[in-house]
Amino acid sequence: MAKRALITGITGQDGSYLAEHLLAHDYDVFGLVRRTSTLNFERIKHIQDQITLVPGDMTDLTSLIHVLREAQPSEVYNLAAQSFVPTSWSQPVLTGDVTALGVTRILDAIRATDSSIRFYQASSSEMFGKVREVPQTEDTPFYPRSPYGVAKVYGHWITVNYRESYDLFAVSGILFNHESPRRGLEFVTRKVTHHAARISLGLANELRIGNLEAQRDWGFAGDYVRAMWLMLQQETADDFVVATAQTHTVQQLIEVAFNCVDLDWRQYTVQDQRFMRPAEVDLLIGDPSKAKASLGWQPSVTFEQLIEMMVKADYDQLKAEHNL
Ligand code: NDP
Ligand code: GDR
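Residues numbered from 1 in each chain as written. Chains lettered and ligands numbered in written order. Predicted model: local features only at pLDDT ≥ 70, side-chain atom pairs only at ≥ 80, totals over all residues. Heavy atoms only, no water.

1. Re the pairing of strand S2 (residues 28–33)
Operational definition: Relative accessibility thresholds used throughout: buried, under 20% of the residue-type maximum; exposed, over 50%; partly exposed, between the two (1.4 Å probe, protein chains only). A run of H or I in DSSP counts as a helix once it spans at least four residues, and a run of E counts as a strand once it spans at least two, with each numbered from the N terminus. Here the rule is simple: two strands pair whenever DSSP picks up at least two bridges between them. Crossovers are marked right-handed if the path from the first strand over the helix to the second runs clockwise, as seen with the strands pointing away from the viewer.
In terms of residue burial, S2 counts as a mostly covered element, since five of its six residues are buried. As paired strands, strand S1 (residues 4–8) and S2 are joined by five bridges and run parallel to one another. Across the sheet, residue Thr8 finds its bridge partner in S2, namely Leu32. In this view, the connection linking S1 to its parallel neighbour S2 by way of helix H1 (residues 13–24) has right-handed handedness. Alignment of S2 against strand S3 (residues 51–55), held across five bridges, turns out to be parallel. From the neighbouring strand, Leu32 faces S3, where its bridge partner is Val54.

Right, dumping it as structure tokens:
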């Protein structure tokens with residue numbers, strides 16, 4: 001019989017790649033979707049006839065119990081979150097409700113319905129925040145720098161706690177930034193690649209940006225969902241850092257993206273205070289040795305390939321949209 005998986009956050013970047021990955025492994029895929037007045041199935045419309053969407057919300061325990069009863073999954077991937085760091089300062093309580101308490105709700109719903117379900121929690125390198133060591137490993141202490149990071153630390157520890165308290169197969173993937181042509185336009189990589197493409201097509205004339213010095217360990221989302229799945233196929237539940245072990249500044253990101261369309265980034269880039277954060281995470285670089293050794297996981301796309309892929313996708317899409 002086919003395995004059944006439930007993905008919360010299936011309409012997001014990672015949800016769509018994970019759904020594709022699980023379908024390729026012959027899973028029956030269920031996706032939790034919240035009610036919206038306009039549909040936002042853009043990232044999953046190409047697979048919508050192969051998956052089952054079930055209504056629910058991470059803020060509503062009853063709906064999560066109903067969804068688990070209906071889907072009867074053997075694996076749950078909890079990707080749903082208020083995931084944009086700046087929004088977590090303007091909506092800190094909502095961020096805590098969805099990104100932190102939402103994890104407890106789904107874990108408790110699992111306990112109430114079927115405690116044999118394997119559970120994946122989408123933890124984040126933002127938990128390391130003001131980093132205590134370089135590179136960051138599974139043992140690096142957390143020091144979050146935003147309400148989002150704080151909420152993710154809660155989600156991480158409640159996952160560990162339910163594993164230890166109730167013997168659930170519950171794991172946490174500490175994933176560093178991962179990007180793709182499906183990344184939301186507000187995140188820095190997609191903002192930059194979209195602007196580079198727009199400027200080169202004459203559709204915009206500048207890129208307004210915040211901190212150029214921040215350094216991130218950026219990988220490809222398609223590689224990272226494979227690590228999520230591998231974590232739930234192990235004999236014992238454990239937590240893993242997933243990263244490329246390479247870091248780049250925002251400025252390097254802009255240089256690479258503008259080079260892809262033969263533009264000099266300096267001529268078009270304007271620093272704008274509006275995009276600076278009240279507290280910044282200056283440097284992230286992960287050590288994925290444990291994931292490599294235990295899961296056999298490694299990234300397949302380099303930083304340069306990733307940015308080129310994103311610029312090209314934006315360029316092609318904009319060209320088609322504008323009949324250029
Ligand atoms: P996205 O922001 O693209 O997707 C978030 C998803 O969560 C969307 O499907 C969204 O639904 C859903 N969601 C938000 N609030 C609720 C709610 N109240 N109830 C139900 N669903 C909700 O994030 P990513 O795909 O990039 O990331 C996936 C997960 O991994 C997130 O938890 C994120 O915090 C975490 N993460 C991401 C990293 C990255 O670099 N991408 C790195 C480390 C961790 P809707 O479409 O309706 O808004
Ligand atoms: P991050 O991603 O906060 O790391 O969280 P984001 O792409 O938003 O920012 C990365 C870095 O770029 C700097 N930056 C800007 N960021 C944005 N969004 N817009 C700008 O104009 C800009 N200028 C400079 C930021 O200050 C920051 O240092 C992402 C999310 O996916 C989280 O959900 C996830 O947990 C982490 O990655 C790992």
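2. Focus on the nonpolar core
Rule in force here: To qualify as a nonpolar core, a set must consist of buried Ala, Val, Leu, Ile, Met, Phe, Trp, Tyr and Cys residues joined through side-chain atoms within 4.5 Å. Source of the domain bounds: an automatic or database domain assignment. Should any heavy atoms of two residues lie within 4.5 Å, those residues are considered in contact.
Ranked by size, the top nonpolar core spans 60 residues in total, and within it Leu22, Val29, Tyr77, Tyr120, Met231, Ile254 and Phe258 carry the most contacts. Counting contributing residues, this core receives three or more from each of domain 1 (4–178 + 218–242) and domain 2 (184–216 + 247–282 + 301–321). Discounting residues that sit within four places of it in the chain, Met231 has contacts with Tyr120, Phe169, Val171, Ser172, Gly173, Leu175, Phe240, Val242 and Leu295. Listed in part, the 24 residues of the second largest apolar core include Phe30, Leu64, Ile65 and Tyr162.

3. A word on the domain arrangement of the chain
Note the following rule: We define a salt bridge as a side-chain nitrogen of Lys or Arg found within 4 Å of a carboxyl oxygen belonging to Asp or Glu. Under this definition, polar contacts are N or O atom pairs within 3.5 Å; protein pairs additionally need one hydrogen-donor-capable and one acceptor-capable atom, and for neighbouring residues in sequence, both atoms have to be side-chain atoms.
Under the domain assignment used here, the chain contains domain 1 (4–178 + 218–242) and domain 2 (184–216 + 247–282 + 301–321). Between domain 1 and domain 2, the contact holds 14 residues from the first and 19 residues from the second. Run the count over domain 1 and domain 2 and you get one salt bridge. Where Arg216 meets Glu126, a salt bridge forms, and the shortest distance between an N and an O atom there is 3.7 Å. At the boundary of domain 1 and domain 2, one finds two residue pairs in polar contact (both at pLDDT 80 or more).

4. Focus on the pattern of salt bridges
Per the counting criterion, the structure on display carries 17 salt bridges. Through salt bridges with shared partners, a single ionic network connects Glu206, Arg208, Asp272 and Arg274.

5. Description of unusual backbone geometry
Cis rather than trans, the peptide bond between Val134 and Pro135 has omega equal to -10 degrees. At Asp26, a residue that is not glycine, the phi angle is positive and equals roughly 65 degrees. Along the chain, the position of Asp26 falls in the loop between H1 and S2. Since its relative accessible area comes to 61%, Asp26 is described here as exposed. Positive phi is not limited to glycine here, since Asn323 has a value of about 50 degrees. Here Asn323 lies in the segment after helix H10 (303–321).

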